[in-house]
Amino acid sequence: MNCDPLSEAELDFLESILLKYGNDDSILNVCELDGFFIALISGPEILPPSRWLPELWAGELPELDWASAEMQRFMALLLQHMNNCVMTLMEYPDEFRAMFHERQQEGETITIVEEWCFGYMRGVALGQWPEMPDAQAEHLAAIDLHGNEGFFPLLEQMTPAQHQQSVLEIEPAALALHEYWLENRPPQRPNTPLRAAATPGRNEPCPCGSGKKFKQCCLH
């Protein structure tokens, strides 16, 4: 099991595949992918790849040669990044950093959080998170504020200081939500890394643990 952080080149490769085979409704960049994964591993249920992999393409896997070297590498890096997210949240939460975009504008660094938050809320929806106590609901609202187009008018009305404060609340909110569900998740669903260092062949057992062949499960 490889839990090492991905290099810039590896992240670029992941994003290139998402863009190459994606559509208007799919996950198209690594920032959104990172938010999606953080939500998946922080929720009330740990979903197998057979549940979350199609969501990268808005619910339906594209017709691709999944046994090709390109897709084998894609799957291996995908699982490596998820395993790194799990390890960070579980063992090094103080080192957790959301994968936000940054750009330069008039000599200042502007942090772009919307894509990450959209990915996170996508993971929340897929995991069908139930209602939570008020404190946790407020944490989720801090992420939803930047991950829901309905709140964009509210964001536009904020002062720069208010907007910056709302951005600073996102990472602590993600950590608090992970901690909450870690403590309240059913014991039969532990928060452990996916044990798949490389993608299996089409006729090999699926890494999600279903017992089916890969082509009949996550690739079905």
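What you are looking at is a predicted structure, and each value in this text was computed from that prediction instead of being measured. (Residues numbered from 1 in each chain as written. Predicted model: local features only at pLDDT ≥ 70, side-chain atom pairs only at ≥ 80, totals over all residues. Heavy atoms only, no water.)

Draft legend 1. Structural view of the layout of surface pockets. Taken as a whole, the largest pocket holds about 520 Å³ of empty space. Considered class by class, the residues forming the lining of the largest pocket number 12 nonpolar, five polar and six charged. The volume enclosed by the second largest pocket comes to roughly 270 Å³. Lining the second largest pocket are E108, T109, I110, T111, L155, M158, T159, P160, H163, Q164 and V167. Residues that form the lining of the second largest pocket fall into these classes: five nonpolar, five polar and one charged. (1 Å grid on protein atoms, 1.4 Å probe; cavity = no way out; pocket = protein on both sides within 12 Å on 5 of 7 lines; lining within 4 Å. Points joined across faces, edges and corners; volume = space filled by probe spheres on them. Nonpolar A, V, L, I, M, F, W, Y, C, P; charged D, E, K, R; others polar.)

Draft legend 2. Structural detail: the nonpolar core. Core analysis: the biggest nonpolar cluster contains 55 residues, and W52, L56, F74, L78, W116, Y120 and I143 have the highest contact counts within it. Sorting the residues of this core by element identifies α1 (8-21), α2 (30-40), α4 (69-91), α5 (114-127), α6 (134-144) and α9 (170-184) as the ones contributing at least two each. Top contributing element to this core by residue count: α4, with 10 residues. If we skip the residues at most four places from it in the chain, Y120 touches G35, F36, I38, A39, S42, W129, L140, I143, A174 and L177. (Core = buried A, V, L, I, M, F, W, Y, C linked by side-chain atoms within 4.5 Å. Buried < 20%, exposed > 50% of the residue type's maximum accessible area, 1.4 Å probe, protein only. Helix = DSSP H or I, 4+ residues; strand = E, 2+ residues; numbered from the N terminus. Contact = heavy atoms within 4.5 Å.)

Draft legend 3. Region of interest: the pattern of salt bridges. Taken as a whole and judged by the stated rule, the model has three salt bridges. Measuring nitrogen to oxygen at the nearest pair gives 2.9 Å for the salt bridge that ties K20 to E70. Placement of K20 in helix α1 and of E70 in helix α4 is noted, with a sequence separation of 50 residues between them. Here E70 falls in the partly exposed class, since its relative accessible area comes to 25%. In this structure, R122 and E55 form a salt bridge, with 3.0 Å as the shortest nitrogen-oxygen distance. Highlighted residues: R122 in helix α5 and E55 in the loop between α3 (49-52) and α4, separated in sequence by 67 residues. Overall, E55 belongs to the buried group, its relative accessible area being 18%. Several salt bridges converge on common partners, so that one network encompasses E32, E55 and R122. (Salt bridge = Lys/Arg side-chain N within 4 Å of Asp/Glu carboxyl O.)

Draft legend 4. Quick peek at the packing of α5 against α9. For the pair α5 and α9, interaxial distance at closest approach is 12 Å and the crossing angle is 20°. Looking at the two axes, α5 sits roughly parallel to α9. Judged by the sense of rotation from one axis to the other, the crossing of α5 with α9 is left-handed. Contact residues: α5 offers W116, C117 and Y120, while α9 offers I170, A174 and L177. (Axes fitted to C-alpha atoms, helices over the stretch in contact; angles between N-to-C directions. Parallel < 35°, antiparallel > 145°, perpendicular 65-115°, else oblique. Left-handed = near helix turned anticlockwise from the far one by under 90°.)

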